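Observations on the model geometry
Each chain, written out:
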Amino acid sequence: MDNQEQKHQRRVRYKGTHPKAFNEKYKELQPEKYADAVTKVIQKGSTPAGMHRSICVNEILEILQITPGQTGLDATLGYGGHTLEMLKCLDSKGHLYSLDIDPIELPRTRERLERLGYDSNILTIKQMNFSDIDQVALESGPLNFVLADLGVSSMQIDNPERGFSFKSEGPLDLRLNPDRGISAAERLKTISQNELQGMLLENADEPYSAEISRAIIAEIKKGREISTTTSLQQVIKDTLKFIPEATRNDAVKKSCQRCFQALRIDVNNEFEVLYDFLEKLPATLTEGGRVAILTFHSGEDRLVKKSFKRFYNQGVYKEIAPEAIRPSAAECSSNSRARCAKLRWAIKS
Ligand SMILES: C[S@@+](CC[C@H](N)C(=O)[O-])C[C@H]1O[C@@H](n2cnc3c(N)ncnc32)[C@H](O)[C@@H]1O
């Protein structure tokens, strides 16, 4: 068919203030063109589609005390919000390395930062796992500051094609790097009930781990695929029918959140890579080098707390956070995704 014969495609309309589908949010997905629409979404305490609002920015900058001329690492680039703030502190002097394993969002962030004038003279962006921090240090030399803002970005959660959220239909993938490893749907096909129950318990403290794992494995044995976000949600919903109606919806939602979290941690080996990163971290820092780590669930926080404490007891760190710092009440009310964040810091001896 030549061009003239091609049918005119209507642009997807933004249906009122609450469009149901991700691709209908075209105003939020073009923040440069529709700044007003984006501001309105932020004012309502939500995160615009295709964007990520950085958490604890002031607290992190206060910990890292970045000065012009230093060399630092943002281990989790995401939307580049923290990276941008750190670059401002460097004031065009020194160098920042920023990593992310996500091959889909990384080029978009790189382009946004380049458009703001941050090129390879001041910023090096690498698609890399932060567990390879030692490789970065070989190139950068000792680091004055390091930030890791763990987990997933809002862009990843909101994009139904990535499968991170049960709130919209999509493939049950959950990989931060879809080019590597196996999807959550594939993982469910071969896992035993025992292992799945352990995964739900260890990665997310799921109270109905026995019931849910039994139901998932029974479905798969019957030859039914659990290959989409909503099919997993449906199994969880059906399994928890025994919960009294008054509290059932809330319980199902929480179990879905926990099960998706557990699967995400599993397919991305999140505990293993965090452990490797924490082990290698001290050797990459300068004397007096500062590190800040933002976590979003108790399993991650426990690993960070234990590692900082052990290295502190060995004299490797001269100071560590006495307790986790929480985002302010104002930040939590303006950004619901900040509510479960915990921030810890350490300073190398
Ligand atoms: C919470 S977001 C970071 C947001 C960022 N601080 C900002 O201000 O926009 C976490 C990011 O870390 C990335 N990530 C998670 N695990 C990683 C790993 N092991 N190595 C590198 N990047 C990782 C995710 O792909 C995601 O983009």
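What counts and what doesn't
- Residues numbered from 1 in each chain as written.
- Predicted model: local features only at pLDDT ≥ 70, side-chain atom pairs only at ≥ 80, totals over all residues.
- Heavy atoms only, no water.
- UniProt positions renumbered as here; feature names shortened; annotations may be inferred.
- Helix = DSSP H or I, 4+ residues; strand = E, 2+ residues; numbered from the N terminus.
- Buried < 20%, exposed > 50% of the residue type's maximum accessible area, 1.4 Å probe, protein only.
- Areas by Shrake-Rupley, 256 points an atom, 1.4 Å probe, with all protein chains shown as cover.
- Axes fitted to C-alpha atoms, helices over the stretch in contact; angles between N-to-C directions.
- Parallel < 35°, antiparallel > 145°, perpendicular 65-115°, else oblique.
- Left-handed = near helix turned anticlockwise from the far one by under 90°.
- Contact = heavy atoms within 4.5 Å.
- Nonpolar A, V, L, I, M, F, W, Y, C, P; charged D, E, K, R; others polar.
- Core = buried A, V, L, I, M, F, W, Y, C linked by side-chain atoms within 4.5 Å.
- Near = heavy atom within 4 Å.
- Polar contact = N/O pair within 3.5 Å; in protein donor to acceptor, adjacent residues only side chain to side chain.
- Salt bridge = Lys/Arg side-chain N within 4 Å of Asp/Glu carboxyl O.

- Within an unreviewed UniProt entry, the label attached to the chain reads Ribosomal RNA small subunit methyltransferase H, and the organism entered is Anaerocolumna xylanovorans DSM 12503.
- Its UniProt record, at the heading Catalytic activity (unreviewed entry), says of the chain: "cytidine(1402) in 16S rRNA + S-adenosyl-L-methionine = N(4)-methylcytidine(1402) in 16S rRNA + S-adenosyl-L-homocysteine + H(+)".
- Among the UniProt annotations of the chain, the heading Subcellular location (unreviewed entry) holds the following wording: "Cytoplasm".

Focus: the overall build of the chain
- A tally of regular secondary structure across the chain gives 14 helices and seven strands.
- Sorting the 349 residues of the chain into buried and exposed places 49% on the buried side.
- Approximately 17900 Å² of the chain is accessible, and the part contributed by carbon and sulfur atoms is 48%.

Re the packing of helix α8 (residues 193-204) against helix α9 (residues 209-221)
- Following both chains from N to C, one finds α8 and α9 inclined at 140°, their axes separated by 9 Å at the closest point. Here α8 is positioned oblique relative to α9, judged by the angle of their axes. Like other packed secondary-structure pairs, α8 and α9 cross with a definite hand, here right-handed. Counting all contacts with α8, which are made through Gln193, Leu196, Gln197, Leu200 and Leu201, the residues of α9 involved are Ser209, Ala210, Ile212, Ser213, Arg214, Ile216 and Ile217.
- Of the residues contributing to the contact of α8 with α9, the split by class is seven nonpolar, four polar and one charged.

Concerning the nonpolar core
- Among the nonpolar cores identified, the biggest contains 32 residues, and Leu172, Leu174, Leu188, Leu196, Ile216 and Leu232 are the most heavily contacted of them.
- When residues of this core are traced back to their parent elements, those giving at least two are α7 (184-190), α8, α9, α10 (229-239) and α11 (245-267).
- With eight residues, the top contributor of residues to this core is α11.

Looking at the site of the ligand
- The environment of the ligand is made up of 24 residues, and the closest members are Ser54, His82, Asp100, Asn129 and Asp149.
- Between the ligand and the protein, one listed contact pairs a nitrogen atom with a backbone N or O atom of isoleucine 101 at 3.3 Å.
- A distance of 2.9 Å is found between a nitrogen atom of the ligand and a side-chain nitrogen or oxygen belonging to asparagine 129.
- For the ligand, whose accessible area on its own is 600 Å², the fraction buried by protein is 98%.
- Grouping the amino acids of the shell around the ligand by side-chain chemistry returns 10 nonpolar, 11 polar and three charged.

Thoughts on the pattern of salt bridges
- Under the criterion given, the structure shown has 22 salt bridges.
- Where glutamate 195 meets arginine 187, a salt bridge forms, and the shortest distance between an N and an O atom there is 2.8 Å.
- Here lysine 254 makes a salt bridge to aspartate 250, at a shortest N to O gap of 3.0 Å. With lysine 254 and aspartate 250 both in helix α11, this residue pair falls four residues apart, about one helical turn.
- Exposure remark for aspartate 250: the relative accessible area of 42% places this residue in the partly exposed category.
- Taken together, the shared-partner salt bridges connect Glu186, Lys189 and Glu225 into one network.

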